[in-house]
Structure formats: structure tokens, C-alpha cells
Amino acid sequence: MQQALTASEAAAEQARQEERERRDWFEMLQNEAAFRVWVRILVEMGVGRLMTTEEDMRMRNIADQILDRMADADPKSYIRILRTLKNI
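Residues numbered from 1 in each chain as written. Predicted model: local features only at pLDDT ≥ 70, side-chain atom pairs only at ≥ 80, totals over all residues. Heavy atoms only, no water.

Mapping Gln14 onto the fold places it in helix α1 (residues 7-29). The class of Gln14 is partly exposed, set by a relative accessible area of 41%. (Helix = DSSP H or I, 4+ residues; strand = E, 2+ residues; numbered from the N terminus. Buried < 20%, exposed > 50% of the residue type's maximum accessible area, 1.4 Å probe, protein only.)

Turning to its location among the elements, Asp74 is positioned in the loop between α3 (54-73) and α4 (75-85). Here the side chain of Asp74 touches Gln30 through a polar contact of 2.7 Å, side chain to side chain. Discounting chain neighbours no more than four positions away, the residues touching Asp74 are Phe26, Leu29 and Gln30. (Polar contact = N/O pair within 3.5 Å; in protein donor to acceptor, adjacent residues only side chain to side chain. Contact = heavy atoms within 4.5 Å.)

We now examine the pattern of salt bridges. For the structure shown, the criterion picks out nine salt bridges. A salt bridge links Arg16 to Glu13; the nearest nitrogen and oxygen atoms lie 2.8 Å apart. Of the two residues, Arg16 and Glu13 are both situated in helix α1; the distance of three residues between them amounts to about one turn of the helix. Judged by relative accessible area, which is 45%, Arg16 ranks as partly exposed. We classify Glu13 as partly exposed; its relative accessible area is 30%. Among the charged side chains, a network of salt bridges with common partners joins Glu13, Arg16 and Arg20. (Salt bridge = Lys/Arg side-chain N within 4 Å of Asp/Glu carboxyl O.)

Structure below.
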């Protein structure tokens, strides 16, 4: 039977998982096709549009969470995505 993880073991596992996720986001953002797909998804989610409904706000919050993960994983790609979304 497995023993319950100690608090420090659980924290270490959480940190490893977060680092894996950050690396996955980084690697994905290096792919030009994935970059274009994410730009389209974010536009469809309402980035850059006025929010007029509750659903707009929900989608925009999710888009902001995605953008935060991108910024954490690869700041250069994040800035490039923002510039693309704003047609700069």
C-alpha cells in the first residue's frame, strides 16, 4: 500500500509537474503552426474585443489564463502573440 506523500514531497511533485507544463508550453510555442493556431483560438475567445456578455467575460478570463501560461513559458513568444493580436 502506498503511503501518503508528506507535505514537502507533495510540494516537490507539484513543482516538477508545473515545470513539465512550462516546458511543454515553451516547446509548443516554438512551432510556427502551433503559434498560428493559438492566435486564432485567442481571437475566437475574444482577445481584443469588447466584452458585452457574461460568456464573453468567461472566455476572456480563460484566454487571459492561457496568455499568462504563455508569458511564463516563453516571454518572447508571448510578446509576439500580443503584437500579432494587436496587428503591430
